[in-house]
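# Overview (structure and organization)
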Amino acid sequence: MTIALAVVAALAGCSNSGTATTAAPSPTSDTQVTTERAEPTTTSASATSHAEEPYVLGSTRVTGSTEHATYDVGIPQLSGGDPAVTAEFNESMRAALQDQIDGHQGLDFALSDGYSSGASHIGRHVVSVEQITDWIAVPPGAHGDSLIATVTIDTDTAQPITLGDAFTDLDAGLSRLSEQAAKILPSTRAGESFERSGIEPTVANFANWTASPEGMNIHFGDYQVGAYGIGLITITVPWNALSDVLAPGMQDVLSS
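In what follows, the accompanying structure is described. What you see is a predicted model, and the numbers here were worked out from it, not measured in a lab. (Residues numbered from 1 in each chain as written. Predicted model: local features only at pLDDT ≥ 70, side-chain atom pairs only at ≥ 80, totals over all residues. Heavy atoms only, no water.)

What follows is about the sheet that holds strand 11 (residues 215-220). The 3 strands lie next to each other as 10-11-12, forming an open sheet whose pairing is antiparallel. On the outer flanks of this sheet lie strand 10 (209-211) and strand 12 (233-238), each paired with one strand and no other. In this sheet, neighbouring strand axes are inclined to one another by 25° on average, regardless of whether the strands run parallel or antiparallel. Both strand 10 and strand 11 contribute to a ladder of 3 bridges, which runs antiparallel. Bridge pairing in strand 11 places T210 opposite N217. Docked against the sheet, helix 3 (residues 170-184) engages strand 11 and strand 12, running at close to 115° with respect to strand 12. (Pairing = 2+ DSSP bridges. Helix = DSSP H or I, 4+ residues; strand = E, 2+ residues; numbered from the N terminus. Axes fitted to C-alpha atoms, helices over the stretch in contact; angles between N-to-C directions. Contact = heavy atoms within 4.5 Å.)

Applying the stated criterion to the full structure yields 3 aromatic pairs. Consider the rings of F109 and W135, whose centres lie 5.8 Å apart with planes at 25°: the pair is stacked. Separated by 26 residues along the polypeptide, F109 in strand 5 (residues 109-113) and W135 in strand 7 (residues 126-137) bring together distant segments of the chain. A relative accessible area of 1% means that F109 is categorised as buried. (Phe/Tyr/Trp six-rings, centres within 6.5 Å; stacked < 30°, edge-to-face > 60°. Buried < 20%, exposed > 50% of the residue type's maximum accessible area, 1.4 Å probe, protein only.)

Along the polypeptide, N90 turns up in helix 1 (residues 83-102). The exposure class of N90 is buried, given its relative accessible area of 14%. Those residues within four positions of N90 in sequence are excluded, and the remaining contacts are Q77 and L78.

The nonpolar side chains of soluble globular proteins are, as a tendency, buried together. Within the largest apolar cluster, 33 residues are counted, with the highest numbers of intra-cluster contacts made by L185, M216 and F220. Breaking this core down by element, the ones donating at least two residues are helix 2 (163-166), helix 3, strand 10, strand 11, strand 12 and helix 5 (250-254). Counting residues per element, this core draws most heavily on helix 3, which supplies 4 residues. Every residue in contact with F220, bar those within four places of it in the chain, is listed here: I148, A181, L185, G198, I199, N205, F206, V225, L232, I233 and I235. (Core = buried A, V, L, I, M, F, W, Y, C linked by side-chain atoms within 4.5 Å.)

Here's what the structure looks like:
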């Protein structure tokens, strides 16, 4: 299971140590579930896809504390469809939150819901979702930071899709994303003076991405392509700009 993230996290149930557990929530760990039905999608019958009902994207609220962190975060969770797909997606999101809880680096901090909702897409062959979480030091500093995690699952195989899976040659794919970002970013709030180190062709710079029918959405974190005040920046690289570097069949999956 591979999770694309800047600084991220997810968790099924949390004990006071911040580790995932399947036991009933403790007094400092309260999980509440809310769901919203996504637009119904059609899943074709195949040897690896057994969904007979639409996937439903909802959220699970996870609260608790560890030595360094307190958290009250709603994380995306999937239901319906192929049980193997929903299990893989939910485990990925919960593991991402746990990584964030554990990533204290000696600092005390609080995690809460981000100031905006992340992108999400449920297609015929893919489920792709962005999670945005707010991080703030305790005691608070000047401002907090937005932390991003993304999970993309192939619903035919119930396996995550990484950048390495998406491109025939990872270096060629990263170079193309960097070239396209340089063309698109001047039209965003980052402007002509965007931070070019934030689009160098590295996995770290393009780790946070989601699929959509229009193209590959690239989600840039705070400070990555400009000052904190510009907020989070997302660009969409059209599929026709990537088609010659994508792995065979990948465009059909990701654009579904």
